[in-house]
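Commentary on secondary and tertiary structure
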Amino acid sequence: MSVLRSARALLLTSESYLRAVFVLVGAALALALGIADFTILSLVAEAGAPAWATALIGVVLVGGPLLVGVVPAVRQVEGVAVQSLLAVEFPDGLPGPATGWPQRRRTEAWFLLHVGTGAVVVAAVVGLIALAGSWWTVPAAAAVLLGTLLIGRFLAWLGPVLLGPSYAERLQRLEADAARAIERNRIAREIHDSVGHALSVVTVQASAARKLIGRDPGFAEQALATIETTSRRAAAELDQMLGVLRDETKPPAAPAPGLGSLGELITGARSAGLTVNSAVSGDLSRLPALVSREAYRIVQEGLTNALKYSADGTAMLDVSLGGDVLGIRLSNPAGRRRPALGGTATVGADGGRWVLAVALPVGDVLP
């Protein structure tokens, strides 16, 4: 049954005959080159040129056009023809112009195969013409048609192999994609850390300003100023990171913050209401940019969590650089029991398990 299905697909589908058109294009190229070469060589021979000169001219006439495949643009042209006439898709998209000799060699092999299979069809048609009037004409014509369809199917399988990227090129592309994915994940993490920290500061300051605006206008004004500064800084960082995501070839407008901005980060946390006792030792300016940036994000995330969860609004930060080790220690008091709708919530480790236990009063709402 599979053989019958394959035969039906080969003989009755439109794409088989579209592929035959591609084979005939190769046949037309082979015929044109053959007629041109034969005509020129005949004229040279009639002019009485030496045999060696005739042979040399023949090599140039035949070999020159057949080397067209090494021209970079031929890869792109053949790729369009393969996709449109052979009805195949390139998994990595249409091939562009050849960028190196490995691609040029594969394109040349494909071009020679295209013209060579076309020459086979030309020879078959010439033989069919020679059989005209014989009872062999009909079976020979059927054989030529079937052979042309089979050649088209073979070329449809081989086209993406020769014109598409090689294994090494695919591996290189995968490595580049992986590097881009890692960079995008880093940018997404930085956006999360930066915007999350800013929102925490803004939320705390806005809540404090709302409660104290009548009793302590000076504090409320300071809180609003902190909200404005924090929001602008977060918006600038967000715009910078989104710009990198939109245009990967464009370098960031400004470097990502590192431990050189630690003082500003601590000041922002203090203005948000967190009492931070900090100690910094060692020359942090010696740190590599990558380490400094990641350490900054670690401290930022820790201060954000302390701002949210510190039991008494205090935190202790110790950053030290000694030898070849950067140490970061951030701690804050954390109560295990927290009120929730007038009830209690307990969070913490219990016998090797992490437990959340909540008790909420329901009063008279139960029937």
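Heads up: these notes are all about the structure in this document. Owing to the predicted nature of the structure, the values given are computational and were not obtained by experimental measurement.

1. A short note on the pattern of salt bridges
One pass over the full model with this rule turns up two salt bridges. Put simply, Glu15 and Arg19 hold a salt bridge, and the shortest N to O gap is 3.6 Å. Taken together, the residues span about one helical turn, with Glu15 and Arg19 both in helix α2 (residues 14-46) at a distance of four residues. The class for Arg19 is buried, based on a relative accessible area of 12%. A salt bridge links Glu294 to Arg293; its shortest N-O distance comes to 3.5 Å. Relative accessible area serves as the criterion here: at 16%, Arg293 is assigned to the buried category.

2. Remarks on the pairing of strand β3 (residues 325-331)
Relative to β3, strand β2 (residues 314-322) is paired through seven bridges, and the arrangement is antiparallel. Note that in β3 the partner of Leu317 across the bridge is Leu330. Connecting β2 to the antiparallel partner β3 that follows it, the hairpin turn spans two residues, and Gly323 within it adopts a positive phi of roughly 65°.

3. Topic: the sheet that holds strand β1 (residues 275-281)
The strands making up a sheet associate through hydrogen bonds between their backbones, and the pairing can be parallel or antiparallel. The strand order across the open sheet built from three strands is β1-β2-β3, with neighbouring strands paired in mixed fashion. The open sheet has two edge strands with one neighbour each: β1 and β3. Within the sheet, the average angular offset between the axes of one strand and its neighbour, ignoring direction, is 5°. Helix-sheet contacts for helix α9 (residues 262-271) involve β1 and β2, and the interaxial angle to β1 is about 165°. Along the sheet, helix α10 (residues 289-309) makes contact with β1, β2 and β3, crossing β3 at roughly 10°.

4. Looking at the packing of aromatic side chains
The full count for this structure, using the stated rule, is two aromatic pairs. Taking the centre distance of 6.0 Å and the plane angle of 40° together, the rings of Phe154 and Trp157 count as tilted. Of this pair, Phe154 and Trp157 both sit in helix α6 (residues 137-163), separated by three residues, roughly a single helical turn. You can call Phe154 partly exposed: its relative accessible area is 38%. Here Arg104 stacks its cationic end above the ring of Trp101, 4.8 Å away from the centre of that ring.

5. Overview of the environment of Arg75
By the secondary structure assignment, Arg75 is in helix α4 (residues 72-85). On the basis of relative accessible area, Arg75 is assigned to the buried category, the value being 6%. As a C-alpha pair, Arg75 and Pro95 span 20 residues in sequence and 6.8 Å in three-dimensional space. Each residue touching Arg75, except ones within four places of it in the same chain, is listed here: Pro95, Gly96, Pro97, Ala98, Gln103, Thr107, Leu163, Gly164 and Pro165.

6. Some remarks on the packing of α4 against helix α5 (residues 101-130)
Look at α4 against α5: their axes get within 10 Å of each other, and the N-to-C directions meet at 50°. Judged by the inter-axis angle, α4 sits oblique to α5. Classified by chirality, the crossing of α5 by α4 is left-handed. Within the contact between the two elements, α4 uses Pro72, Val74, Arg75, Glu78 and Val82 and α5 uses Gln103, Arg104, Thr107, Trp110, Phe111 and His114. Residues that form the contact of α4 with α5 fall into these classes: five nonpolar, three polar and three charged.

What counts, and where the lines are drawn
- Residues numbered from 1 in each chain as written.
- Predicted model: local features only at pLDDT ≥ 70, side-chain atom pairs only at ≥ 80, totals over all residues.
- Heavy atoms only, no water.
- Salt bridge = Lys/Arg side-chain N within 4 Å of Asp/Glu carboxyl O.
- Helix = DSSP H or I, 4+ residues; strand = E, 2+ residues; numbered from the N terminus.
- Buried < 20%, exposed > 50% of the residue type's maximum accessible area, 1.4 Å probe, protein only.
- Pairing = 2+ DSSP bridges.
- Axes fitted to C-alpha atoms, helices over the stretch in contact; angles between N-to-C directions.
- Contact = heavy atoms within 4.5 Å.
- Phe/Tyr/Trp six-rings, centres within 6.5 Å; stacked < 30°, edge-to-face > 60°.
- Lys NZ or Arg CZ within 6 Å of the ring centre and 35° of its normal.
- Parallel < 35°, antiparallel > 145°, perpendicular 65-115°, else oblique.
- Left-handed = near helix turned anticlockwise from the far one by under 90°.
- Nonpolar A, V, L, I, M, F, W, Y, C, P; charged D, E, K, R; others polar.

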